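So you can see what is in the structure, the chains are spelled out below.
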Amino acid sequence: EKITLQAFDNYWSPRKPALANIIYRWEPDEALRLVDLQSGAANGIDNLGNIDFNAVQSDLSLQFFLRSPLSVAYLGMNNLSAPFDNEKVRQAVAMAVDRQALVDEFFYPGYEVADYFAPCALPDACVGEPWYPYDPARARELLAEAGYPNGFETQLTYRDLSRGYLPQPFLVADAIRRQLKQNLGIVVHSNLMDSDPFYAALDAGALPGLYLLGWGADYPDVSDFLDTHFGLAASQQFGNKFDDILNALQSAASKDNPSSRRPDYEAANNLIRQHAPMLPLVHGGWLSPHSRAVAYQVVVQGAHASPLSLEDFS
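Residues numbered from 1 in each chain as written. Predicted model: local features only at pLDDT ≥ 70, side-chain atom pairs only at ≥ 80, totals over all residues. Heavy atoms only, no water.

Moving on, we come to the overall build of the protein. From N to C terminus, the protein includes ten helices and eleven strands. Along the first, second and third principal axes, the C-alpha atoms of the protein reach 70 × 45 × 35 Å. Going through the 314 residues of the protein one by one, you find that 46% of them count as buried. Considering only residue pairs separated by 6 or more positions, the protein has 73% of its internal contacts joining residues 24 or more positions apart. Carbon and sulfur atoms make up 51% of the accessible area of the protein, which totals about 15,200 Å². (Helix = DSSP H or I, 4+ residues; strand = E, 2+ residues; numbered from the N terminus. Buried < 20%, exposed > 50% of the residue type's maximum accessible area, 1.4 Å probe, protein only. Contact = heavy atoms within 4.5 Å. Areas by Shrake-Rupley, 256 points an atom, 1.4 Å probe, with all protein chains shown as cover.)

Shown next as structure tokens:
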């Protein structure tokens, strides 16, 4: 029912815990968690309900803290599958999806449009040129230059599983399908797969066309996102690797000074933008779609939200 932690008087550090004890309790109902906070039965609550953000933010007796996003949802493109072997086709798709509309309609409060692949809470993640703006007219020009003025047919593969980075995959997939048809004349057929065959085909570069996926941080460094997806050890999910991106990431990995590796990550981000192996959609939840915010009574000092849900209560 609860766990009680008591401060140890003989702790070795000169910085003693500020609290004599902390009691953790569990309440699966998000509405009842908020009632406990408002009534004073709890000093703070985790996993604040998405519909309760406004109530907490407008209550002067409470404090609201949003977790920094540590995940990305993206629309992948396999360059082993025509016509996505054409860079202009990939760039056209990258400009033809209204990501802000997706965030507004299908994601919870606290999610934000991704202008880079890695979340900006990570050092050096958001250096270089931001992603292309939504521009259907320019997208149509690029598609025509690539030889597809009337669009083409392809498929969009996804798993219908709610994840922290993608709470409602079916609705997002359907919206992307409609936008690509309207803006570029691309006829997209939905392809729903189970996780095991999905990942097997993904890693082998055998998923034709488009697919939806995401990534949450294993550790708080930009290399966890960029090297994992575009580096030497990356799978073939995007098809053939890009040598110039590999070179930039290898150069960054050879340096231990953050300021000296920043130009390499800037180059890598610019090259990812140019080659468009995927379209970054949203930065958002890490553990789950409902772990975006915490709330405390206003009398609690030092309250904060950790991006990794690892709040320091000392």
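Backbone-to-backbone hydrogen bonds pair the strands of a sheet. The strands run either parallel or antiparallel. Strand order in this open sheet of three strands is E3-E11-E4, and the pairing throughout is antiparallel. Two strands bound the open sheet, and with one partner strand each, they are strand E3 (44–45) and strand E4 (62–66). (Pairing = 2+ DSSP bridges.)

What follows is about the side chain of aspartate 124. Within the element layout of this structure, aspartate 124 appears in the loop between strand E6 (112–113) and helix H5 (136–145). For aspartate 124, the side chain forms a polar contact with the side chain of arginine 262, separated by 2.4 Å. Once residues within four sequence positions are removed from consideration, aspartate 124 is found in contact with Val222, Pro258, Arg261, Arg262, Tyr265 and Asn269. (Polar contact = N/O pair within 3.5 Å; in protein donor to acceptor, adjacent residues only side chain to side chain.)

This part takes up the packing of aromatic side chains. Under the defined criterion, the tally for this structure stands at 17 aromatic pairs. Seen in terms of ring centroids, tyrosine 11 and tryptophan 12 are 5.5 Å apart; in terms of plane orientation they differ by 50 degrees. Their pairing is tilted. Pairing phenylalanine 53 with phenylalanine 64 gives two aromatic rings, centres 5.1 Å apart and planes at 65 degrees, and the pair type is edge-to-face. Within this pair, whereas phenylalanine 53 is found in helix H2 (residues 53–57), its partner phenylalanine 64 is found in strand E4, the two being separated by eleven residues in sequence. When its relative accessible area of 22% is taken as the criterion, phenylalanine 64 is described as partly exposed. Each residue in the set Tyr74, Phe117, Tyr211, Phe225, Phe230 and Phe238 is aromatic and connected to the rest through ring pairs, giving one cluster. (Phe/Tyr/Trp six-rings, centres within 6.5 Å; stacked < 30°, edge-to-face > 60°.)

Let us now look at helix H10 (residues 258–275). Compared with an ideal rise of 1.5 Å per residue, which puts 18 residues at 26 Å, H10 spans 25 Å between its outermost C-alpha atoms and is within 8% of the ideal. Turning to H10, its buried residues number three or more, namely Arg261, Asp264, Tyr265, Ala268, Asn269, Leu271, Ile272 and His275. Of the surrounding elements, those touching the buried residues of H10 are helix H3 (87–96), helix H8 (222–230), helix H9 (243–253) and strand E10 (278–283). Of the residues trailing H10, alanine 276 is marked for its positive phi of about 45 degrees. (Expected span 1.5 Å × (residues − 1).)

Structurally, tryptophan 286 is set in the loop between E10 and strand E11 (293–297). Residues tryptophan 286 and serine 68, 218 residues apart in the sequence, show an inter-C-alpha distance of 9.3 Å. The contact partners of tryptophan 286, leaving out residues within four places of it in the chain, are Leu70, Ser71, Gly164, Gly216, Ala217, Ser291, Pro307 and Leu308.

The six strands are arranged E6-E10-E5-E9-E7-E8 in an open sheet whose pairing can be described as mixed. At either margin of the open sheet sits one strand with a lone partner, and together these are E6 and strand E8 (187–192). Judged from the five bridges that link them, strand E5 (residues 71–77) and E10 form a sheet pairing that is antiparallel. Of the residues in E10, the one forming a bridge with leucine 75 is leucine 279.

Moving on to empty space enclosed by the protein. Enumeration over the complete set of coordinates arrives at three cavities of 30 Å³ or more. Of the volumes computed, that of the largest cavity is approximately 80 Å³. Per-class residue counts for the lining of the largest cavity are five nonpolar, four polar and one charged. Computed from the structure, the second largest cavity encloses a volume of approximately 60 Å³. Around the second largest cavity, the lining residues are Tyr158, Arg159, Leu161, Arg163, Tyr165, Leu166, Pro169, Leu212 and Leu213. Residues that form the lining of the second largest cavity fall into these classes: seven nonpolar, no polar and two charged. (1 Å grid on protein atoms, 1.4 Å probe; cavity = no way out; pocket = protein on both sides within 12 Å on 5 of 7 lines; lining within 4 Å. Points joined across faces, edges and corners; volume = space filled by probe spheres on them. Nonpolar A, V, L, I, M, F, W, Y, C, P; charged D, E, K, R; others polar.)

On to the side chain of aspartate 264. By the element assignment, aspartate 264 lies in helix H10. Within polar-contact distance, the side chain of aspartate 264 engages the side chain of lysine 255 at 2.8 Å. Non-local contacts of aspartate 264, meaning those with residues more than four positions away in its chain, are made with Ala248, Ser251, Ala252 and Lys255.

With the exception of glycine, most residues fall at negative phi, and the peptide bonds are largely trans. Note the cis peptide between alanine 82 and proline 83, where omega equals 5 degrees. Tracing the chain through its elements places proline 83 in the loop between E5 and H3. Of note in the backbone geometry, asparagine 47 takes a positive phi value of approximately 50 degrees without being a glycine. Of note, the phi angle at alanine 276 is positive, near 45 degrees, even though the residue is not glycine. Relative to the assigned elements, alanine 276 resides in the loop between H10 and E10. What makes alanine 276 buried here is its relative accessible area of 0%.

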